[in-house]
Structures are given as C-alpha cells and as structure tokens.
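Residues per chain, in single letters:
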Amino acid sequence: MTTIITRLMPDQAAAQSAADRLQFKGVPRRACDVIVGSDDAEERMTRAQVHPSALAAYGKGLAAGNAVLVVRTTYKPLGAAQLTRDILAKRDTIDAGKADEDFFVPNTPDKAPSVMKDHPLFLSLPVPAPRGRVSDEFGIATLKDRKPRRHLSHNRAMSRMFWPGKLISRKTRSSSVISGGRQMSRAFWPGKLLSTKSRRNSVIPGGALPFSRMFGLKTVS
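Values in this document were obtained by computation on a predicted structure and should not be read as measured data.

Cut-offs and rules
Residues numbered from 1 in each chain as written. Predicted model: local features only at pLDDT ≥ 70, side-chain atom pairs only at ≥ 80, totals over all residues. Heavy atoms only, no water. Salt bridge = Lys/Arg side-chain N within 4 Å of Asp/Glu carboxyl O. Helix = DSSP H or I, 4+ residues; strand = E, 2+ residues; numbered from the N terminus. Buried < 20%, exposed > 50% of the residue type's maximum accessible area, 1.4 Å probe, protein only. Pairing = 2+ DSSP bridges. Axes fitted to C-alpha atoms, helices over the stretch in contact; angles between N-to-C directions. Contact = heavy atoms within 4.5 Å. Core = buried A, V, L, I, M, F, W, Y, C linked by side-chain atoms within 4.5 Å. Expected span 1.5 Å × (residues − 1). Arc of directions from axis to C-beta. Polar contact = N/O pair within 3.5 Å; in protein donor to acceptor, adjacent residues only side chain to side chain.

(A) Expanded view of the pattern of salt bridges. One pass over the full model with this rule turns up three salt bridges. With its nearest N and O atoms 3.0 Å apart, the salt bridge here joins Asp33 to Arg72. Here Arg72 lies in strand β3 (residues 67-73) and Asp33 lies in strand β2 (residues 32-36), a separation of 39 residues in the sequence. The class of Asp33 is partly exposed, set by a relative accessible area of 26%. Judged by relative accessible area, Arg72 falls into the buried class, the value being 17%. Linking Asp102 and Arg85 is a salt bridge whose minimum nitrogen-to-oxygen distance equals 2.6 Å. Of the two residues, Asp102 is situated in strand β4 (residues 102-105) and Arg85 in helix α4 (residues 80-89); the sequence distance between them amounts to 17 residues. A relative accessible area of 31% places Asp102 in the partly exposed class. For Arg85, a relative accessible area of 25% translates into the label partly exposed.

(B) The sheet that holds β4, seen in detail. Judged by pairing direction, the sheet is antiparallel, and its four strands sit side by side in the order β2-β3-β1-β4 without closing on themselves. The sheet is open, and its two edges are formed by β2 and β4, each paired on a single side. Going from strand to strand, the sheet's axes swing by 20° on average, the running direction of each strand aside. Relative to β4, strand β1 (residues 2-9) runs antiparallel, the two sharing four bridges. By the bridge assignment, Ile5 is partnered in β4 with Asp102. Contacts from helix α1 (residues 12-24) reach β1, β2 and β3, with the element oriented near 175° to β2. Taken strand by strand, helix α3 (residues 52-63) contacts β1, β2 and β3, and its axis lies near 40° from that of β1.

(C) Spotlight on the nonpolar core. Counting 17 residues, the largest nonpolar core has Ile35, Met45, Val50, Tyr58, Leu62, Val68 and Val70 as the members making the most contacts within it. The element best represented in this core is α3, accounting for four residues. Residue contacts for Tyr58: discarding those within four places in its chain leaves Thr6, Arg7, Leu8, Met45, Val50, Val68, Ala96 and Glu101. Formed by 16 residues, the second largest nonpolar core is a distinct cluster that contains Val34, Leu69, Ala81 and Leu88.

(D) Representation of the environment of Leu22 in the model. With respect to the element layout, Leu22 can be found in helix α1. According to the relative accessible area criterion, Leu22 is buried, its value standing at 0%. C-alpha of Leu22 to C-alpha of Leu83: the two residues are 61 residues apart in sequence and 8.2 Å apart in space.

(E) Broad picture of the pairing of β1. Summarising burial for β1: eight of the eight residues are buried, a large majority. Neither face of β1 is exposed, since Thr2, Ile4, Thr6 and Leu8 on one face and Thr3, Ile5, Arg7 and Met9 on the opposite face are all buried.

(F) Seen up close, α1. If you check α1, its first and last C-alpha atoms are 18 Å apart, about what 13 residues at 1.5 Å a residue would give, namely 18 Å. Of the positions making up α1, those classed as buried are Ala15, Ala18, Ala19, Leu22 and Gln23. One face of α1 carries all of its buried residues, which in axial projection span an arc of 140°. Looking at α1, the residues exposed on the side facing more than 90 degrees away from the buried face are Ala13 and Phe24. Elements that come into contact with the buried residues of α1 comprise β1, β2, β3 and α4. Sitting at the amino-terminal end of α1 is Asp11, which places a side-chain oxygen 3.4 Å from the backbone nitrogen of Ala13. Directly after α1, the chain includes Gly26, whose backbone phi takes a positive value near 115°.

As structure tokens, this is what we get:
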C-alpha cells in the first residue's frame, strides 16, 4: 500500500523546504513532488496522484501563487507516512477545505502483455531444422580418406627429434658390464676369489680338537 499525502503550501520555497526535510529523514527523492502554477499544473497534479477532490482547491491556490507538495510514502523508511504527517504538521500550510489530502492507493504491479500472444514461436526456430548431422549444415567433412601414419611426423620415431644416433645396437652382449669382462670385485680385491685348498673340520690350529685344549683344560672329569 502507498499513502498519498498532499498539502497546499504558501509558496514554492516553503514546499521545497518541507520536501528537503523529508528527504533528509529518509523519504526517497522520487517520492516527493513540488508543483507550482503553470498551464499543465492540473495534469501534473493528476500524474502525481493528487486526489480528485483536491484538484479544484489546489488549482485556485496555484493561481494565487501557492505551491502543492505531494508525498507518496511506502515502507521506506519504516513509518514514512506518520513521519510525513508529523513534519508537515509543524509547517505553515493552507487549509484546502474538504479535500482528501491523506489516502491509500493499492499497489498494482504493471502487467506487460505476454510475448507469446504475438510470437508463438518464441525461443524456437522459425523454420524446422532439417534432420541430419550438424557437420553437414556447415559443410564440414567428418571423415578424411588418408593413410594412417605409424609415427608422429614424417614416419620417424619421436625420439629422433632430439637423439640423432641409432636407437638399437646390433653388437653382441657380454656377460659383464665391466670393460674386459672382469667381475666387479676385482676392482677392489686383487687376490683370488676362490681357493682350491682342502677344507678342515676346525678353524683351530691342530685341526678337529676341542676348544678346551687351547687352555689345557680337561673335557671329561
């Protein structure tokens, strides 16, 4: 709901001063109209939603040099209608007789005509699209008659781009990676790796004797 509050003010300066005070308190600028005498004053009052009962009284006032203040109060700020009444009550206003200067106007949303009435094919193609592949509509060939390549470029292996040498060697492989076919241990151990000597049953000199014999101990008492 919108509350229309109108007042007949002594002159334009008084009406503008009241409008400035309302805007300072939070009433939007677009909600306030100051109307002065002119050829289209009645039309302007009608557009500003002045009540029909006040048009005659306000018209006489405008002819005498007065001004009309129109305030369309809504929810911004909260309590805007009462705030407007309180501020205007402290201002010098002119009595407009039995004119309705405070009334409600229901808010009716603007109803735009439906585009579907004039445009039945809205969001659709005007002509049905032909069936088939999309590529055919643009003349794009989907398949090309060409031989498959084994490599990425010019039938060469990818590694040839950064390695000019041969990729596979035809040399016979040796059993050792060490030059000359030696065992790895020969690099740090010059002696023989295997001994052909006969093995003993004991590591103690003298062979196969109890460990106690080294200390002259009897094994059986």
